[in-house]
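# Overview (structure and organization)
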Amino acid sequence: MNATLIDGKELSARITEQLKTKVSELQAHGIAPSLSVVLVGDDAASQVYVKNKDKKFKDLGLASEIVRLPKDITEAELLQKIQALNEDPKVKGILVQLPLPSQIEADKVIQAIDPRKDVDGFHEQNAGALMNGQPRVVPCTPLGIMYMLQDQGVNLRGAEAVVVGASNIVGKPIALLLQKAGATVTICNSKTRNLKAHTQRADVLVVAVGKPEMIKGDMIKAGAVVIDVGINRMADGKLKGDVEFESARQVAKAITPVPGGVGPMTIAMLVVNTINASILQSPEADTSLLLKF
């Protein structure tokens, strides 16, 4: 078997075309989506991620600003900046690029963001809504994964889904979304005993642990759909996922590549979340304008 590639770049491009139409529609209603990305310090990977996000917004004609702050900023100063963005009516979406320097408690900063402007979906109000089965703002990567599965025509009702990785950013929210879609979900992590026994049962396998090529082909059920969220930069500068791609593609029915899989979808979903947040903050808050795929 040679797995079908789930091309995140191609799907993201299709969604972007739909977003162009939506942006024009919103402009006619006087709604101007905008994003402020807070970047603390000079982490190289974060700089690349932020640049890509900013480019996507600018390409769509949407307002985007990068708020660059020094790595030695105090937590109090950062919280003050977040509050200023909360109070600015022109700012519709706020994203704080992680990781943050060690002197700053990331969760405290995330919880300081107005939940209406929390386009990452990490605020406890948005996380709680997802847990209750009434999602408002869904974290971008899990949302992108669900669109990829939908685009592939994957029937999740009654399927065995295994998620390797239990972070608040990917693992937990994607498990909740898969469960809501009718899948039977198992959450594992890098320390799960006999991990192979779990992953070999999965009709849908989502891996997000940050360990390069941790999942081998013999750990995957024949005909499974494999979503590799990992992005690991190796010593030679190449990017590898959490799944050993070459062995996995011989077993799986469909698989995301790294790069070019989940990453482009994450950025597309950030635009979706920002547009929807802008609609809900508009005076009329016309929910018929909300983006749904």
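Calculation notes
Residues numbered from 1 in each chain as written. Predicted model: local features only at pLDDT ≥ 70, side-chain atom pairs only at ≥ 80, totals over all residues. Heavy atoms only, no water. Helix = DSSP H or I, 4+ residues; strand = E, 2+ residues; numbered from the N terminus. Rg over C-alpha atoms; globule rule 2.2 N^0.38 Å. Buried < 20%, exposed > 50% of the residue type's maximum accessible area, 1.4 Å probe, protein only. Contact = heavy atoms within 4.5 Å. Areas by Shrake-Rupley, 256 points an atom, 1.4 Å probe, with all protein chains shown as cover. Pairing = 2+ DSSP bridges. Axes fitted to C-alpha atoms, helices over the stretch in contact; angles between N-to-C directions. Left-handed = near helix turned anticlockwise from the far one by under 90°. Nonpolar A, V, L, I, M, F, W, Y, C, P; charged D, E, K, R; others polar. Expected span 1.5 Å × (residues − 1).

Broken down by element type, the chain carries 10 helices and 11 strands. Relative to the compact-globule value of 19 Å for 293 residues, the chain shows a C-alpha radius of gyration of 19 Å, a close match. The proportion of buried residues among the 293 residues of the chain is 51%. Considering only intrachain contacts with a sequence separation of at least 6, the fraction spanning at least 24 residues in the chain is 68%. Per element, the accessible surface of the chain, about 13,800 Å² overall, is 51% carbon and sulfur.

Attention now moves to the sheet that holds strand β7 (residues 204–207). The sheet built from 6 strands is open, its strands ordered β1-β11-β8-β7-β5-β6 with parallel pairing. Each of the sheet's edge strands pairs with one partner strand only, and the pair in question is β1 (4–5) and β6 (184–188). Pairing geometry for strand β5 (residues 160–164) and β7, over 4 bridges, is parallel. Note on β7: the bridge partner recorded for Ala-161 is Val-204. Strands β5, β6 and β7 of the sheet are contacted by helix α7 (residues 171–180), whose axis makes an angle of about 170° with β5.

With that settled, consider the packing of helix α6 (residues 140–151) against α7. Relative to each other, α6 and α7 sit at 40°, their axes nearing to 9 Å. Between α6 and α7 the crossing geometry is right-handed. Note on element contacts: α7 touches α6 through Pro-173, Ile-174, Leu-177 and Leu-178, opposite Pro-142, Leu-143, Ile-145, Met-146 and Leu-149. Of the residues contributing to the contact of α6 with α7, the split by class is 9 nonpolar, no polar and no charged.

Now for α6. Since the α-helix packs 3.6 residues into each turn, any two residues three or four apart lie on the same face. Relative to the 16 Å expected for 12 residues at 1.5 Å per residue, α6 spans 16 Å between its end C-alpha atoms, a close match to the ideal helical length. Among the 12 residues that make up α6, 10 are buried, leaving the element largely enclosed by the rest of the structure.

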